[in-house]
Amino acid sequence: MEKLKNIDEFREIASKEAAIFMFSADWCPDCRVIEPVLPRIEADFPSFSFYYVDRDEFIDLCGELEIFGIPSFLAYVNGQEVERFVSKNRKNQEEIEAFLTKAESHI
């Protein structure tokens, strides 16, 4: 998963790619729980590019996008947000895959 470098990069990627943005932080225990399954999830959904967004580095972007809990996921296709999996609750592999399957229907 590629790490987002700046807000301009976010806007460019969101406008041009089928992309998944995972909002997370190094200190987040719920984020660490799903970390081992992320490479497999990425491999199972090759139609998306995956990006890691550090919540602490992009706090203003999180506020703008109403990301108030982590880990959270946003899906963009053709410049539009098509799905979101945003909550303060712990996520599991099945829930993430269901979100991605739903997002994939917009491609």
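Owing to the predicted nature of the structure, the values given are computational and were not obtained by experimental measurement.

A closer look at the pattern of salt bridges
Under the criterion given, the structure shown has 11 salt bridges. Lys 5 is the salt-bridge partner of Glu 2, the closest N and O atoms lying 3.4 Å from each other. Overall, the relative accessible area of 39% leaves Glu 2 in the partly exposed class. Exposure remark for Lys 5: the relative accessible area of 57% places this residue in the exposed category. The closest approach of N and O atoms between Arg 40 and Asp 44, which form a salt bridge, is 3.4 Å. Of this pair, Arg 40 and Asp 44 are both found in helix H3 (residues 38–44), 4 residues apart, which corresponds to roughly one turn of the helix. A relative accessible area of 56% places Arg 40 in the exposed class. Residue classification places Asp 44 among the partly exposed positions, given a relative accessible area of 37%. Counted as one network, the salt bridges with shared partners bring together Glu 2, Lys 5 and Glu 9.

A look at the state of the cysteines
Applying the stated criterion to the full structure yields 1 disulfide. Covalently, Cys 28 is tied to Cys 31 through a disulfide, its sulfur atoms 2.4 Å apart. Here the S-S torsion is close to 75°, and the disulfide linking Cys 28 with Cys 31 is therefore right-handed. The thiol sulfur of Cys 62 is not disulfide-bonded, and the nearest other cysteine sulfur, from Cys 31, lies at 11 Å.

Examining the packing of aromatic side chains
Using the criterion set out here, one finds 8 aromatic pairs in the structure. An angle of 25° between the planes, with centres 5.6 Å apart, marks the rings of Phe 21 and Tyr 51 as stacked. Here Phe 21, found in strand S2 (residues 19–24), pairs with Tyr 51, found in strand S3 (residues 49–54); they are 30 residues apart in sequence, far enough to count as distant. Overall, Phe 21 belongs to the buried group, its relative accessible area being 0%. Measuring from centroid to centroid gives 6.1 Å for Phe 73 and Phe 99, while their planes differ by 45°, and the two rings are tilted. Taken together, the residues span a long stretch of sequence, with Phe 73 in strand S4 (residues 72–77) and Phe 99 in helix H5 (residues 93–104) at a distance of 26 residues. Just as Phe 73 is buried, Phe 99 falls in that class too. Taken together, the ring pairs connect Phe 10, Phe 21, Tyr 51 and Tyr 76 into an aromatic cluster. It is Lys 91 that lies over the ring of Phe 85; its NZ or CZ is 5.3 Å from the centre.

Rules of the game
- Residues numbered from 1 in each chain as written.
- Predicted model: local features only at pLDDT ≥ 70, side-chain atom pairs only at ≥ 80, totals over all residues.
- Heavy atoms only, no water.
- Salt bridge = Lys/Arg side-chain N within 4 Å of Asp/Glu carboxyl O.
- Buried < 20%, exposed > 50% of the residue type's maximum accessible area, 1.4 Å probe, protein only.
- Helix = DSSP H or I, 4+ residues; strand = E, 2+ residues; numbered from the N terminus.
- Disulfide = S-S within 2.5 Å.
- Phe/Tyr/Trp six-rings, centres within 6.5 Å; stacked < 30°, edge-to-face > 60°.
- Lys NZ or Arg CZ within 6 Å of the ring centre and 35° of its normal.

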